[in-house]
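Per-entry structural report
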Amino acid sequence: MKIEGKEYRTIWFENNVVKIIDQTKLPHQFVIKDLITVKDAINAITRMEVRGAPLIGATAAYGLVLAIIEKNDQNFLKKSSEDLIKSRPTAINLKWAVDRMMNKLRGVNSDKILHIASNEAKEICEEDIKFCKNIGLNGLKIIEEIHNKKKDTINILTHCNAGWLATINWGTATSPIYHAHKKGIPVHVWVDETRPRNQGANLTSYELNEEGIKNTIIADNTGGILMQRGEVDICIVGTDRTLANGDVCNKIGTYLKALAAHDNKVPFYVTLPSSTIDWNIKDHKDIPIEERNSDELSHIEGLDEKDDIKKIQIYPKKSKALNLAFDITPAKYVTGLITERGICEASKDGLKKLF
Ligand code: MRU
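Residues numbered from 1 in each chain as written. Predicted model: local features only at pLDDT ≥ 70, side-chain atom pairs only at ≥ 80, totals over all residues. Heavy atoms only, no water.

In the neighbourhood of the ligand, 18 residues make up the surrounding shell, with Arg-51, Arg-88, Gln-199, Asp-240 and Lys-251 lying closest. Here an oxygen atom of the ligand sits 2.8 Å away from a polar atom, N or O, in the side chain of Asp-240. Asn-250 is positioned such that a nitrogen or oxygen atom in its side chain is 2.9 Å from an oxygen atom of the ligand. Those elements that provide at least two residues to the shell around the ligand are α2 (53–70) and β11 (248–251). Residue composition of the shell around the ligand, by class: seven nonpolar, seven polar and four charged. (Near = heavy atom within 4 Å. Polar contact = N/O pair within 3.5 Å; in protein donor to acceptor, adjacent residues only side chain to side chain. Helix = DSSP H or I, 4+ residues; strand = E, 2+ residues; numbered from the N terminus. Nonpolar A, V, L, I, M, F, W, Y, C, P; charged D, E, K, R; others polar.)

Rendered as structure tokens:
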């Protein structure tokens, strides 16, 4: 998708260097960063220079390519794969991508290993683009249906950033929106600010602006009243891990939106590529929920009056804070899962029919 009119992907590989858009700098600065070592890739994931489940997976895949460039040694590769998996706990795409890479690379001692690794990492990216595009085409059908009845602007509420910046291109939750916009369906997006890191305000609104899609940032608590007022036609969100029974783990606050949507009979859809399905964990209580530094709550970063980036403390230094990054939306509150293979019920049977 576009930034200042120029097409980008979120990650690419050039002359043995991995290039990323440093998302900690957005929306105020656009910085392309080089990742040269596997440690750089691990840091990019932990510091959230890249984030979003599919992009974390792709970065980990390229992290292994960088590990091979550094030292073509199976022990180093194994250790790197373990360190990459530990770099963020909740998004399953990270482990999925590392396992997929290691299945190709384990035991390969020839010079061909770099070629095999970079091809596989590229394939992970190409596949994600294809899957996200299909998610968009499948989700478009739902927006079209609503538009056929409403014949007016469709108001879509989204949470966090499940946009192209969270994937390689298109995004998951945003892909149906981009496809609807390209087809000429009038859309407007309510963008949850998504405290504490503000991925909605800083990333979703930014990328929608760059694509010319109308959007309005709202505080995380505003969605409920908008739904009561009939000002939300559909909620579309992403996910970091969806269980085979249809329970959805996503950015903290998703669950409360799903409850409000259920109470107000607003359809609540979750978009995901199959790489985000965890087929193994049976109970959502077993999903590792990331607890991040409380500084993310107590401090806020933005532009000061001179347009310099500044970080400030926003509440008493003595106060404690708890910063859980994800929550669980039980399957019963999900109207449907929009995947690359089609739309299904959020249930074991629904997912089984597609996969
Ligand atoms: O903590 P983040 O920014 O990595 O969280 C991202 C989300 O919660 C997204 O909604 C999710 O990864 C889906 S991305 C297509």
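Quick look at the packing of aromatic side chains now. Under the defined criterion, the tally for this structure stands at four aromatic pairs. Considering the side-chain rings of Tyr-8 and Trp-12, the 6.4 Å spacing of their centres and the 45 degrees angle between planes classify their relative orientation as tilted. These aromatic residues form a ring-pair network of at least three members: Tyr-8, Trp-12 and Phe-30. Over the aromatic face of Phe-326 sits the side chain of Lys-251, whose NZ or CZ is 4.2 Å from the ring centroid. (Phe/Tyr/Trp six-rings, centres within 6.5 Å; stacked < 30°, edge-to-face > 60°. Lys NZ or Arg CZ within 6 Å of the ring centre and 35° of its normal.)

Moving on, we come to the side chain of Ser-347. With respect to the helices and strands, Ser-347 occurs in the loop between β18 (342–344) and α11 (348–354). Overall, the relative accessible area of 14% leaves Ser-347 in the buried class. One polar contact links the side chain of Ser-347 to the main-chain amide nitrogen of Gly-350, over a distance of 2.9 Å. For Ser-347, the contacting residues outside a window of four places in its chain are Ala-244, Asn-245 and Gly-246. (Buried < 20%, exposed > 50% of the residue type's maximum accessible area, 1.4 Å probe, protein only. Contact = heavy atoms within 4.5 Å.)

Let us now look at the pattern of salt bridges. Throughout the structure, instances matching the rule amount to 21 salt bridges. With a closest N to O distance of 2.8 Å, Arg-100 and Glu-120 form a salt bridge. Highlighted residues: Arg-100 in helix α4 (residues 92–105) and Glu-120 in helix α5 (residues 113–150), separated in sequence by 20 residues. By the burial criterion, Arg-100 is buried, and Glu-120 matches it. Glu-144 is the salt-bridge partner of Lys-183, the closest N and O atoms lying 2.6 Å from each other. With Lys-183 in the loop between α6 (174–182) and β7 (187–192) and Glu-144 in helix α5, this residue pair connects regions lying 39 residues apart in the sequence. Through salt bridges with shared partners, one network takes in Arg-88, Arg-197, Glu-290, Arg-292 and Glu-296. (Salt bridge = Lys/Arg side-chain N within 4 Å of Asp/Glu carboxyl O.)

With that out of the way, let us pick up the environment of Glu-127. Counting through the fold element by element, Glu-127 comes out in helix α5. For the pair Glu-127 and Ile-168, spaced 41 residues apart in sequence, the C-alpha to C-alpha distance is 9.6 Å. With sequence-adjacent residues up to four places away left out, Glu-127 is seen in contact with Trp-96 and Arg-100.

Below, the discussion takes up the confidence of the model for the protein. The predicted model of the protein averages 97 in pLDDT, with 100% of residues at 70 or higher. At the low end of the mean pLDDT range in the protein sits strand β14 (residues 299–303), at 94; at the high end sits strand β12 (residues 268–271), at 99. (pLDDT = per-residue confidence, 0-100.)

To continue, consider the pairing of β12. Of the two faces of β12, the one holding Phe-268 and Val-270 and the one holding Tyr-269 and Thr-271 are both buried throughout. Note: strand β9 (residues 234–237) against β12, three bridges, orientation parallel. Considered in β12, the bridge of Ile-236 is made with Tyr-269. Sheet topology note: the β12/strand β17 (residues 336–339) ladder contains three bridges and is parallel. (Pairing = 2+ DSSP bridges.)

A word on the domain arrangement of the protein. Assigned domains within the protein: domain 1 (2–127) and domain 2 (137–354). Listed as interface residues are 32 residues of domain 1 and, on the opposing side, 35 residues of domain 2. Summing the contributions of domain 1 and of domain 2, the shared interface buries around 2800 Å²; its carbon and sulfur component is 56%. The interface formed by domain 1 and domain 2 includes two salt bridges. Put simply, Arg-88 and Glu-290 hold a salt bridge, and the shortest N to O gap is 2.8 Å. Counting every contact that joins domain 1 to domain 2 gives 15 residue pairs in polar contact (both at pLDDT 80 or more). Looking at the side of domain 1 that touches domain 2, the elements that each hand over two or more residues are β1 (2–3), α2 and α4. Taken together, the residues that form the side of domain 1 that touches domain 2 break down as 17 nonpolar, nine polar and six charged. (Domains from an automatic or database assignment. Buried area = accessible area lost by both parts, 1.4 Å probe.)

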